Amino acid sequence: MSYLNHITGYREDILSSRSIVKRGNFALIEPDGLVKNVVPGFELCAVTILSSPKLGASFVDYLVTMEQGGGHPKGFGGEGIEVFLYILEGRVKVKNKDKEEELTEGGYIYSPEGNLVSFENIGDTQARAFLYKRRYHRIEGHQAYTVCGNIGDVPFTPYEGMEDVGVKDFLPSAADIGFDMNFHILSFKPGACHGYIETHIQEHGAYIYSGEGMYNLDNHWIPVKKGDYLFMGAYSLQAAYGVGRNEDFAYVYSKDCNRDAEL
């Protein structure tokens, strides 16, 4: 049984997939065919591992579906590991040694290295979340700290002066180099696009939660849509157009930042 479509037995058509995997470079992973992973510590959860070092990423991304009462009661993370949890739908109680909050759609928590995050679906229906972990890169005299909120309370600002492309930042990384990563939302009106094709050392893991787009991945223009996941490795060329008719093309994504390149 695959994770999202719950189909068993034969299909009525030939086997095919829109997914593309270029390890270390980029990946498009469509929902169809994603499998459940057994991960110790998760209870009453369907967990899918998206990006990982096996793909070429320096982080791990997960999609987590929690049944009623499901979650990670013992705490997710570990020594030297930073964690970010973003609620796609449902009502989830989260807790680390600094915060205890109830999060709904758009809610999130960032927990710094070594500060385990426990979470539980306390709603009457399934809850879905996007989960991230990465090894924190320390810098002398600075340290990240717990951040908790709801991205719905953050207004969009024009992305690089373009009124039809909006961006939201989850973390104060632009003002505090104690943070070595950030999460953002980027949203395109139909017909809007990046101002140029980007080329940079930063990696991205991106979950598309709205609309349709055309994405340039290493100079290959590829159609993508809601439910797809993208990995973009260091120096992989990247840009997007928003397409479709009914809703904005939008995704939540991670980006490493505020650190020099290592030798």
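Each value, and the rule that gives it
Residues numbered from 1 in each chain as written. Predicted model: local features only at pLDDT ≥ 70, side-chain atom pairs only at ≥ 80, totals over all residues. Heavy atoms only, no water. Patch = residues over 30% accessible without salt bridge, like charges linked within 9 Å, V, L, I, M, F, W, Y side chains within 5 Å. Areas by Shrake-Rupley, 256 points an atom, 1.4 Å probe, with all protein chains shown as cover. Salt bridge = Lys/Arg side-chain N within 4 Å of Asp/Glu carboxyl O. Helix = DSSP H or I, 4+ residues; strand = E, 2+ residues; numbered from the N terminus. Buried < 20%, exposed > 50% of the residue type's maximum accessible area, 1.4 Å probe, protein only. Contact = heavy atoms within 4.5 Å. Disulfide = S-S within 2.5 Å.

Per an unreviewed UniProt entry, the protein chain is named (S)-ureidoglycine aminohydrolase, and its organism is Lacrimispora sphenoides JCM 1415.

Brief notes about a nonpolar patch on the surface
On the surface, Ile197, Trp221 and Tyr241 cluster together into a nonpolar patch covering about 290 Å² of accessible area. Residue position: Ile197 is located in the loop between β14 (181-188) and β15 (204-210). The exposure class of Ile197 is partly exposed, given its relative accessible area of 38%.

A short note on the environment of His142
Tracing the backbone shows His142 in the loop between β10 (127-135) and β11 (147-150). Owing to a relative accessible area of 35%, His142 belongs among the partly exposed residues under this scheme. Measuring from C-alpha to C-alpha, the distance between His142 and Asp176 comes to 8.3 Å, with 34 residues separating the pair along the chain. Each residue touching His142, except ones within four places of it in the same chain, is listed here: Tyr136, Ile177 and Gly178.

Here we look at the state of the cysteines
Under the criterion given, the structure shown has 0 disulfides. In this model Cys257 remains outside any disulfide bridge; the closest cysteine sulfur is found in Cys148, 20 Å from its own.

Observations concerning the pattern of salt bridges
On inspection of all chains with the given rule, the structure shows 11 salt bridges. A salt bridge links Glu82 to Arg134, with the shortest nitrogen-to-oxygen separation between them at 3.4 Å. With a gap of 52 residues between them, Glu82 in strand β5 (residues 81-89) and Arg134 in strand β10 connect regions that are remote in the sequence. For the pair Glu82 and Arg134, a shared accessibility class is recorded, and that class is buried. Across the pair Arg138 and Glu113 runs a salt bridge, and its minimum N-O distance is 3.0 Å. Remark: Glu113 occurs in the loop between β8 (107-111) and β9 (117-121) and Arg138 occurs in the loop between β10 and β11; sequence separation between them is 25 residues. Look at the salt bridges and you will find they share partners, linking Arg18, Glu30 and Asp228 into a network.

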